[in-house]
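Notes for the structure review
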Amino acid sequence: RAAELTLGKWFAETGRRSEIFLATKFGGWDPEGEVGRPVSTPSYVKRALNRSLKRLGTDYIDLYYQHRVDPNVPIEAVLEALREPVEKGVVKWTGLSECSIDTLRRAKSVKGVGERVVAAQMEFSPFSLHSEKDGFAKAAKELGVALVAYSPLGRGMISGRYSQRISTAH
């Protein structure tokens, strides 16, 4: 990902990595595999983490998101794949993007790793209030998980730069 390479270059040039709370993602799709399909097999999670660390030129990531829930891999298996990096401090905190309430609850219940699930990234804007209406925001709050909004300007509708990307939520 170009953003990771750009940040890695900036960290190397400035030496300011420790001043930044760094979040990045995995699992939206495998650039070496089938495009357009979420992937979070344990082997892919480990490969993606190593790739991100290398691109970023760092030995830890503050918040590591599963970019999209992989319908073929139970969330428990995804978190188990992150157990060792979490225990070693390579991944400080974890998050999920566009997950269901059930998936979030199951993730939080994985002993020793679920406690590190602290963020859920969901589309949230004046035009997309489903996280509030379907009870997700309330459940996240009860579980101690921050709701991180993406596309808060309604995919550009408010700014005049509308994106027609269709959400794959839930």
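Structure's up top.
Here goes a summary of the coordinates provided.

Calculation rules
- Residues numbered from 1 in each chain as written.
- Predicted model: local features only at pLDDT ≥ 70, side-chain atom pairs only at ≥ 80, totals over all residues.
- Heavy atoms only, no water.
- Helix = DSSP H or I, 4+ residues; strand = E, 2+ residues; numbered from the N terminus.
- Buried < 20%, exposed > 50% of the residue type's maximum accessible area, 1.4 Å probe, protein only.
- Contact = heavy atoms within 4.5 Å.
- Areas by Shrake-Rupley, 256 points an atom, 1.4 Å probe, with all protein chains shown as cover.
- Axes fitted to C-alpha atoms, helices over the stretch in contact; angles between N-to-C directions.
- Parallel < 35°, antiparallel > 145°, perpendicular 65-115°, else oblique.
- Nonpolar A, V, L, I, M, F, W, Y, C, P; charged D, E, K, R; others polar.

When you go through the chain residue by residue, the secondary structure sums to six helices and five strands. Tracing the chain from N to C terminus, the helices and strands come up as α-β-α-β-α-β-α-β-α-α-β. Residue burial in the chain is summarised as follows: out of 170 residues, 42% are buried. For the chain, the share of sequence-separated contacts (at least 6 apart) that also reach a separation of at least 24 residues comes to 69%. For the chain, the exposed surface amounts to about 9200 Å²; the carbon and sulfur share of it is 56%.

On to the packing of helix α1 (residues 2-14) against helix α2 (residues 42-56). It is at 7 Å that the axes of α1 and α2 come closest, and there the two elements cross at 45°. What the angle tells us is that α1 and α2 run oblique. Each of E4, L5, L7, G8 and F11 in α1 lies in contact with α2, whose residues at this interface are S52, R55 and L56. Residues belonging to the contact of α1 with α2 are distributed by class as follows: four nonpolar, two polar and two charged.

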